Amino acid sequence: MDSPLPKALQKRQVTAIVILLLLWEAGCATLKYSVLEERESGSFVTNLAKDLGLGLGELAARGGQVLSEGNKEHLQLQQKSGNLLLKEKLDREELCSDTDPCILHFQVLLKNPVQFFQGELQLQDINDHAPEFLESEFLKISENTQPGTAFPLKIAQDLDVGSNTVQNYTISTNSHFHLFTRTHSDGRKYPELVLNQVLDHEEQPELRLTLLAVDGGSPPRTGTSQVVIQVVDINDNAPEFTQLLYEARVPENSPIDSLVITVSARDLDAGTHGELTYSLFHPSNPVMQAFEINAVMGEIRLKKLLDFEEIKSYRVEIQASDGGGLSGKCTVTIEVMDVNDNAPELTMSLLISDVPENSPETVVAIFGISDPDSGDNGKMKCSIEDGLPFLLKSTIENFYTLVTQKPLDRESRAECRMDSPLPKALQKRQVTAIVILLLLWEAGCATLKYSVLEERESGSFVTNLAKDLGLGLGELAARGGQVLSEGNKEHLQLQQKSGNLLLKEKLDREELCSDTDPCILHFQVLLKNPVQFFQGELQLQDINDHAPEFLESEFLKISENTQPGTAFPLKIAQDLDVGSNTVQNYTISTNSHFHLFTRTHSDGRKYPELVLNQVLDHEEQPELRLTLLAVDGGSPPRTGTSQVVIQVVDINDNAPEFTQLLYEARVPENSPIDSLVITVSARDLDAGTHGELTYSLFHPSNPVMQAFEINAVMGEIRLKKLLDFEEIKSYRVEIQASDGGGLSGKCTVTIEVMDVNDNAPELTMSLLISDVPENSPETVIAIFRISDPDSGNNGKMKCSIEDGLPFLLKSTIENFYTLVTQKPLDRESRAEYNITITVSDLGTPRLKTEHKITVLVSDVNDNAPTFSQASYTLFIRENNSPALHMGTISATDRDSGANAQVTYSLLLAHDPHLALASLVSINADNGHLFAVRSLDYEALRAFEFRVGATDAGSPALSSEALVRVVVVDDNDNAPFVLYPMQNGSAPCTELVPRAAEAGYLVTKVVAVDSDSGQNAWLSYQLLKATEPGLFSVWAHNGEVRMARVLSEREAPKHRLLVLVKDNGEPPLSVTVTLHVLLVDGFSQPYLPLPEVASEEPHADSLTVYLVIALASVSSLFLFSVLLFVTLRLCRRSGVTLSDRCSMPEGHFPSHLVDISGTGTENYQYEVCLTGESGTSEFKFLKPLFPNFLVKETGMDTEDNANFRNHLGLN
């Protein structure tokens, strides 16, 4: 039986006779039992006979049987005892997974009478599985996480159910966390870790705890997992220098980029919060010009060559800032070490190059010496060459006077040259004014001090110097007054007539004195005649001609967890003015987060300090832009502004939040693996790693874990396997989004599996009777159930069979059908039915299942044997051997089996004189007929008898047929010559007139053959003649005629020898001798006949032969007519000639004329005999029936052969 259903479904066909029509009428309650899983095979479940109220042995007598759903038999029934036992060890987890309770359905069937009971076996769980964590737990928790924060942990998997599954969780003892055991909505327990006290990354960057899961079994089983907690650092530590004060000494003129000192700070925070950046903190101009610091390494290096003579030491403040906006400071004092890099300088105050001879001790020059180096490098000595009439006298410190040692004599030496070891550049600094320094300390005059505002125009009035020196009008010019400035630059000019001291050029205080305050320009006033010398100072007073200027904008990073009151020093503004004209105050643009203090450095400079008013919030405002305003003390005041950009450094203070708390998705079942189900999205207001989210399934159940996976970055939920609506119709998935700081958020996704028509209907055969007796009334062939696990129209079904079958489908209860016969079946009409039961659903596209069953119609003996022919004609050659097989008769019985077994027998013949048993015998099994003895055609040409055929049924049925046996002639008789007589008497002489023309009938040879058919067909041939060519014999009729005209020379007597031959196989023949006498006329005497006494017996014998010949010809004619009619009837009925008739085969001689091509001519002769004369006369007649065979051009030799074999002829 072919079926498109799996072979497993075919095995589910039960062989017991179950009539489901009685099942729902029984109304029996469901039998319910329970047993522990993992019990051994053969374990006792219940005594089913007792539960059903059956007596001892009654269960077996009624054919009790237990049927399980599906292909697996879990139970076995002992019919004698009635005990229901386990057939194998049952594993609840394998059979039901996490379904609770685990119910196995079975049916109890009592066959006689039919009774049906539903049964349920509940498998009770035992604690045979320990909790198991699939992987270790890794958490990231920020150190600023508040106590009381809860962190759900991964659940342990336990294949057991009920109280045997996980009931409690515990955590190893620690001071930071405690654990709660929570319950999911589906009843599963999960651990929740709760923070007890604030974590400190610097104290303990990582914690390792042991999580213990305990089930509720007895004894309980446990499972452990490692919980690794990484404490995420926040910026809660400011950088600290290893020293608050660093000291360094640097030789002046050290190469640029020389290392001065390396400062070092550390920050206990990690990551970017511990990455330090070094910078100069509010450096002064000299510091900024001289030094630079490596921001990463903390190396302080030279930006220019240091000059001890310019600045002997520096005080540098260094700031170390971390990535979160906190900073620390230290101070570095740098002492410049002097190097002897300056030659002594000589400043000539008075030089008299022309000295009168013979003068007493005369002052030739007055000069001072200096060396800006220090220590021994700055100590000097002064000398002139030996042998000169001059003397160096030291006056006050580092001042010398060159005088003549004695009066000079021009005639002895008119010129003296003294080379100075000082550089030429220094010689240019000699003054030409006549100054007698010896009078300076004697004069006791105070220094002249003046002040003037910078940037005044050239020629601006400073003072009336003549008046200040107490000189009268014109006296200053008379005395040769002169103003001398230090250095090569003349800043002042003196009007000798008026005595006014004027500015020679516009003076810029910042250019001349930089940030030195006060700015003093030294000068000298010299009166030559008499010599008088005055020291003077010109103080340049600053005007507010420069506004404060910030060299660059300020960028700060401040963590949002920074406490209010924290101060952040800002960069100072540069103002080239000094005193009250420099920066005096700083202000900040109005904002709610900061206020500003103006602080004063130890060197008097003002700098701004930003102080936090309230906590910053990165999520509310990740960046602040403030305007810093610097105001100097000028009138009017000048200002400068700078942008202060504050980047609020994020901390992990926000948990992720999903855009929806509940997502809903619908997915068609059988969607391809990796199909997108839905994308969930969460956001975290934090930035950086704190805002980087990772998505995961939160405590997924086994079905969820097997069916779905989520992209940890994108939040895309995709399929891991093909979903099956019939297995699970919907899923509830919890998704967790975790940030980089250990905080998380959750949402729920409900996924509805949409049914697709992917299940063809199933047919479960409960009863199949494949063998049905014929002629039975309405009979149940099959009882089956159809099902389709799809839903809606996809699960609606219709059931049908092919049209034109004598069967009917009846719907019993829902989805149960009975296949019954519509009418009694006739096996002989159709013994086998192949029925295709088609079950199709109403889904799109429609699916169908075809179940093929074969119904065999069993036989009932309702048919008698039937012969293939109502009558049989068998042909047998005479002279046959005894026991020769004549032919076979055949009867068939439309029944089958024993009902179709036919036995053959001979019945009594109609002719009581016919000894049938001596002629024929029959094989009872196969209908073969045998000739008991040799038959003689000439004695018995045909006979008839009846044959009976009986089947082996009960009761036995029989039929009979007529058999006609025709004896076929054999060529066992030679031709017999009737004329001329060949009896040994005197030969007969035929007279032929010499005037006979060609064709003249001389005589005719008459012969007969007692055989029949072609064996009796005779032909004539002239074997020998006295005169060849004179006579001819017609082959068909034996007529002897003249072949030509006689000549005169022909001999009068001629002897002819004629051969008479039949057409048998082998042919038989006889010869006849004819005597011919040629005469001129019949009046001529001719030889008298031999005188032979006439014998009556001979005449009588001849008459007998003639009668026999005529009878044979008549019989042959009648047989030909019958054969012709039979062939016509066969042709009309459509039955081939080979099936009904048989003719003996033979070969006709080629020299015989055959009109139809298949037969020969038969002749009938009227014979007149004259006994007294001893001669015979014949009257030749035309053929009565020239062709007795039916003209069937389609019959050939092969057909004739088949025809003969069918009749059993050899």
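The structure reproduced in this document is the subject of the present report. The structure presented is a predicted model; accordingly, all values stated were derived computationally and were not measured. (Residues numbered from 1 in each chain as written. Predicted model: local features only at pLDDT ≥ 70, side-chain atom pairs only at ≥ 80, totals over all residues. Heavy atoms only, no water.)

1. What to know about the state of the cysteines
Alright, step 1. By the definition in use, this model includes two disulfides.
Alright, step 2. The residue that forms a disulfide with cysteine 513 is cysteine 519, at a sulfur-sulfur distance of 1.7 Å. An S-S torsion of about 60° defines the bridge between cysteine 513 and cysteine 519 as right-handed. Across the pair, exposure class does not vary: cysteine 513 and cysteine 519 are buried alike.
Alright, step 3. Counting its disulfide-bonded cysteines in sequence order, the protein chain shows a connectivity of 1-2, 3-4. (Disulfide = S-S within 2.5 Å. Buried < 20%, exposed > 50% of the residue type's maximum accessible area, 1.4 Å probe, protein only.)

2. Here we look at the pattern of salt bridges
Alright, step 1. Under the criterion given, the structure shown has 30 salt bridges.
Alright, step 2. Taking the shortest distance from any N to any O, the salt bridge between arginine 249 and glutamate 335 comes out at 3.5 Å. With arginine 249 in strand 16 (residues 245–251) and glutamate 335 in strand 23 (residues 327–337), this residue pair connects regions lying 86 residues apart in the sequence.
Alright, step 3. Judged by relative accessible area, which is 55%, arginine 249 ranks as exposed.
Alright, step 4. Here glutamate 335 falls in the partly exposed class, since its relative accessible area comes to 37%.
Alright, step 5. Put simply, glutamate 609 and arginine 599 hold a salt bridge, and the shortest N to O gap is 2.9 Å. (Salt bridge = Lys/Arg side-chain N within 4 Å of Asp/Glu carboxyl O. Helix = DSSP H or I, 4+ residues; strand = E, 2+ residues; numbered from the N terminus.)

3. Some details on the sheet that holds strand 53 (residues 780–787)
As a general point, the strands of a sheet are linked pairwise by backbone hydrogen bonds and lie either parallel or antiparallel.
Alright, step 1. Read across the sheet, four strands follow the order 51-53-56-55 without closing on themselves; strand pairing throughout is antiparallel. Edge positions in the sheet fall to strand 51 (762–768) and strand 55 (807–811), since each has one partner strand and no second. Put simply, the sheet's adjacent strands are angled 25° from each other on average, direction ignored.
Alright, step 2. By the bridge criterion, five bridges tie strand 53 to strand 56 (residues 816–821) in an arrangement that is antiparallel. (Pairing = 2+ DSSP bridges. Axes fitted to C-alpha atoms, helices over the stretch in contact; angles between N-to-C directions.)

4. Side note on unusual backbone geometry
Alright, step 1. Cis rather than trans, the peptide bond between serine 218 and proline 219 has omega equal to 0°.
Alright, step 2. Locating proline 219 in the fold gives a position in the loop between strand 13 (206–215) and strand 14 (222–232).
Alright, step 3. At glutamate 38, a position not held by glycine, the phi torsion is positive, near 65°.
Alright, step 4. Within the secondary structure layout, glutamate 38 lies in the loop between strand 1 (31–36) and strand 2 (44–47).

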